[in-house]
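# Overview (structure and organization)
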Amino acid sequence: MNKREFLKSAAAVSSFALLPNAAWAFQKGKKLRTAHIGVGNMGAEDLSAISSHNAVDVVALCDVDSVNLSKAHKLHPGARVFFDYRTMLNEMGDEIDAVIVSTPDHTHAPASLMAMEMNKPVYCQKPLTHYVDESRKMMKVAKEKNLVTQMGIQVHSFYDYRLATLLIQSGIIGKVHTVHAWSPKSWGYNGEEPQGEDPVPDQLDWNLWLGTSKERPYKEGYYHPGNWRKVMDYGCGTLGDMGVHIFDTPYNALNLDVPLTIKNDCRKSNGFGFPENNTVTYEFPGTEFTTKNLKWVWYDGPGMPPKHEDLILPGGKTSGGKQDKDGSVKDKISLDAGMAGAGELPSQGAMFIGKKGRLLLPHFMQLPQKIVKGKYVDISKEIAEVSKANNLGEPIRNYDSEGPKHYHQFVDACLGKGQTTAPFSYAGRLTETILLGVIAGRFPNKTLHYNAETAKFTEEEANQFLGGDYRDF
Ligand SMILES: NC(=O)c1ccc[n+]([C@@H]2O[C@H](COP(=O)([O-])OP(=O)(O)OC[C@H]3O[C@@H](n4cnc5c(N)ncnc54)[C@H](O)[C@@H]3O)[C@@H](O)[C@H]2O)c1
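Residues numbered from 1 in each chain as written. Predicted model: local features only at pLDDT ≥ 70, side-chain atom pairs only at ≥ 80, totals over all residues. Heavy atoms only, no water.

Taking an unreviewed UniProt entry as the reference, the protein is identified by name as Gfo/Idh/MocA family oxidoreductase belonging to Zobellia barbeyronii.

Okay, structure coming up:
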């Protein structure tokens, strides 16, 4: 079905079903009327998780690809459908209570900010934005308007991550001076921008896909779907893909703000695709949980992390996990590193180094492990204590049952029950940190100095990458 045919068939259902139903439902049953921007791939997961909450009424669906839109519409035939999120928000304004943004990264901020300016709570996928200045703006608007917000880092609410946060904050390894974090994934592209133009598939509105980014000819297989992650104008490389998830717990546990310095040891990019194999060293100002300053090293790409004395496990193992040759890992929605065997370094994860030992946190759904002087230390007593004191309950390592909790937290908060745990006030700082590492990739091996107050680098040449021009589309 092409766009025109699809809209014609959808219009018949939507105009009849929406207006009276949604208004009635909100008053009587206090249902949250949700609008979803981007409903393919992760957007489909987001739609499923949000709509599994029994107080949600999906009233609007938007996608620039009619095949994805059509699939979502089959599941929610009462929802109105749109190709352009601006039309959706303008036409439906008062009939929408909350907006879910699951598009490629370059559209996160333009779509979210439009919704937020209309006072809508927003659930936005990670990383929060494509540019630093967008993150700052989203934090500011969320605060000024006191909006419920949540970033899509669903493992934030999982048992093992909450446990690791509490253990670190209880001082289980003393003040932390170094963190290593890694993923073998490789969202880079070492080639020139493709020349020429391919016919845009009938189902796709390429101009809307580009959105606020600059005009560019369509090329099959390079951008939509998914591969936009490799391209600087749209994605944020492996840092933006896996880094956000893996940074989240150490960042939260150590209560970090944005870094003082950033250096990315990688190949020079030609400005089109991201460099692969990034080793990004950050220096953060100290907090109550760290030494005076904290060193943080991120490694991505096949074979990562490299051999490092901080990463040697009891028994001498320095690697493990399940990596394919290209660095990919077997997973469900890009998250699961695959369980490392006993004594193996997980293929994705983080290691905290403190004054009283090391804490290994696999990504994900595995208990953190404490290591002191080359030996594992039994921390079952400490785990039981912090679990009990903080009502963590029993570990449930089932992604399907745990995943929706982060989304339901957002819905509940919109309905006035409780708060979200990854609001934009937190997600914005975390995303800014990620993006600074991405920008440092444009200046291989150069230490950049960053001022958190002004949100500017000392190195003037790097400041141009903190924001970007928006195209009228
Ligand atoms: N939290 C997680 O575990 C997780 C996992 C995967 C992806 N993600 C995030 O989800 C987002 C989407 O990733 P993906 O892998 O699904 O990408 P994708 O390219 O596979 O799918 C994006 C979807 O959005 C649609 N889309 C693109 N531009 C749009 C626009 N302007 N308006 C409406 N719809 C638009 C596409 O047609 C497609 O249906 C990214 O930000 C990614 O980082 C998060």
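### What to know about the pairing of strand β10 (residues 290–300)
Convention followed: Three exposure classes are used, based on accessible area relative to the maximum for each residue type with a 1.4 Å probe and protein chains only: buried under 20%, partly exposed in between, and exposed over 50%. For the purposes of this entry, the term helix denotes a DSSP run of H or I that reaches at least four residues, the term strand denotes a run of E that reaches at least two, and both are numbered from the N terminus. For two strands to count as paired, DSSP must find a minimum of two bridges between them.
Counting buried positions along β10 gives eight out of 11 residues, so the element sits mostly inside the fold. Of the pairings in the sheet, the one linking strand β7 (residues 176–183) to β10 comprises seven bridges and is parallel in character. Among the inter-strand pairings, valine 176 is bridged to a residue of β10, identified as threonine 290. When strand β9 (residues 279–285) meets β10, the two strands line up antiparallel, connected through seven bridges. Its bridge partner being in β10, glutamate 283 is matched across the sheet by lysine 295. Between β9 and the antiparallel strand that follows it, β10, lie four residues.

### A few points about the site of the ligand
What counts here: Whether a residue is near a molecule or strand depends on its heavy atoms: if one lies within 4 Å, it is near. Here a polar contact means two N or O atoms within 3.5 Å. Within protein one must be a hydrogen donor candidate and the other an acceptor candidate, and residues neighboring in sequence count only if both atoms are side-chain atoms. Charged residues are taken to be Asp, Glu, Lys and Arg, nonpolar residues to be Ala, Val, Leu, Ile, Met, Phe, Trp, Tyr, Cys and Pro, and polar residues to be all remaining types, Gly included.
In the vicinity of the ligand there are 30 residues, among which Asp63, Asn68, His108, Lys126 and Arg229 approach most closely. A distance of 2.8 Å separates an oxygen atom of the ligand from a polar side-chain atom of aspartate 105. Glycine 226 has a polar backbone atom sitting 2.9 Å from an oxygen atom of the ligand. Residue composition of the shell around the ligand, by class: 11 nonpolar, 14 polar and five charged.

### With respect to the packing of helix α7 (residues 159–169) against helix α9 (residues 237–253)
When two helices pack together, their arrangement is given by the angle between the helix axes and the distance between those axes. Under the convention used in this document: Where helices are involved, their axes are fitted lines through C-alpha atoms of the stretch in contact, as for all axes, and angles between N-to-C directions lie from 0 to 180°. Crossing handedness is defined as follows: a turn of the near helix away from the far one that is anticlockwise and smaller than a right angle gives a left-handed crossing, while the clockwise case is right-handed. Here, residues are in contact when the closest pair of their heavy atoms is within 4.5 Å.
Two numbers describe how α7 lies on α9: the axes approach to 8 Å, and their chain directions differ by 35°. Between α7 and α9 the crossing geometry is right-handed. Contacts between α7 and α9 involve Tyr161, Ala164, Thr165, Ile168 and Gln169 from the former and His245, Thr249, Asn252 and Ala253 from the latter. Broken down by class, the residue content of the contact of α7 with α9 amounts to four nonpolar, five polar and no charged.

### Some words on empty space enclosed by the protein
As a reminder of what qualifies: Of the grid points, spaced at 1 Å and generated over the protein atoms alone, those admitting a 1.4 Å probe that cannot get out make up cavities, while open sets with protein on both sides within 12 Å along at least five of seven lines make up pockets; any residue with an atom within 4 Å of a point is treated as lining. Grid points are joined across faces, edges and corners, and a volume is the space filled by probe spheres set on the points.
Counted under the stated rule, the structure contains two cavities of 30 Å³ or more. Of the volumes computed, that of the largest cavity is approximately 80 Å³. For the largest cavity, the lining is made up of 14 residues, of which Gly237, Phe274, Pro275, Asn278 and Val438 are closest to its centre. If you list the elements that add at least two residues to the lining of the largest cavity, you get α9 and α12 (424–440). For the lining of the largest cavity, the element with the highest residue contribution is α9, accounting for three residues. Of the residues assigned to the lining of the largest cavity, the class counts are seven nonpolar, six polar and one charged. What the second largest cavity holds in volume is close to 30 Å³. Forming the boundary of the second largest cavity are Tyr161, Ile246, Thr249, Pro250, Gly349, Ala350, Leu361 and His363. For the lining of the second largest cavity, the elements supplying multiple residues, two or more each, are α9 and β11 (349–354). Per element, the largest residue contribution to the lining of the second largest cavity is three residues, and it comes from α9. The residue inventory of the lining of the second largest cavity, partitioned by class, reads five nonpolar, three polar and no charged.

### Looking at the confidence of the model for the protein
Cut-off, in case you're wondering: Across the chain, each position has a pLDDT score giving the predictor's confidence in that residue, from 0 to 100.
Mean pLDDT over the protein works out to 91, with 89% of the residues at or above the 70 mark. Contacts from residues 330–339, a stretch scored under 50 in pLDDT, to residues over four places away or in other chains number 38 contacts.

### Re the nonpolar core
Applicable threshold: Among buried residues, those of type Ala, Val, Leu, Ile, Met, Phe, Trp, Tyr and Cys that are joined through side-chain atoms within 4.5 Å constitute a nonpolar core.
In this structure, Met88, Val99, Leu254, Trp296, Phe352, Tyr450 and Phe457 are the most contacted members of the largest nonpolar core, which totals 91 residues. Counting residues per element, this core draws most heavily on α12, at 10 residues. Excluding residues that lie within four positions of it along the chain, phenylalanine 457 makes contacts with Ile262, Leu436, Ile439, Leu448, His449, Tyr450, Ala462, Asn463 and Leu466. Ranked by size, the runner-up nonpolar core spans 32 residues in total, among them Met42, Ala49, Ile50 and Tyr123.

### Description of the environment of aspartate 469
On the secondary structure map, aspartate 469 appears in the segment after α13 (460–463). For aspartate 469, a relative accessible area of 77% translates into the label exposed. Note: C-alpha distance between aspartate 469 and lysine 214 (255 residues apart in sequence) is 8.2 Å.

### Examining helix α6 (residues 132–145)
For clarity, the threshold we go by: For a helix, the expected span equals 1.5 Å multiplied by the residue count minus one.
With 14 residues, α6 should cover 20 Å at 1.5 Å per step; its first-to-last C-alpha distance of 20 Å lies within 8% of that length. If you check which residues of α6 are buried, you get Val132, Glu134, Ser135, Met138, Val141 and Ala142. For α6, the secondary structure elements touched by its buried residues are α5 (108–117), β6 (149–152), α12 and β15 (448–451). Of the residues one or two after α6, asparagine 146 is the one with positive phi, at around 50°.

### Things to note about the sheet that holds strand β1 (residues 32–37)
In a beta sheet, neighbouring strands are held together by backbone hydrogen bonds and run either parallel or antiparallel to one another. Strand order across the open sheet formed by six strands is β3-β2-β1-β4-β5-β6, with parallel pairing between neighbours. Among the strands making up the open sheet, the edge pair consists of β3 (80–82) and β6. Strand-to-strand twist in this sheet, taken as the mean axis angle between neighbours without regard to direction, amounts to 20°. By the bridge criterion, six bridges tie β1 to strand β2 (residues 56–62) in an arrangement that is parallel. Across the sheet, the residue bridging to threonine 34 is valine 58, located in β2. Across the sheet, α5 lies against β1, β4 (98–101) and β5 (122–125), angled at about 175° from β5, the strand it touches most.

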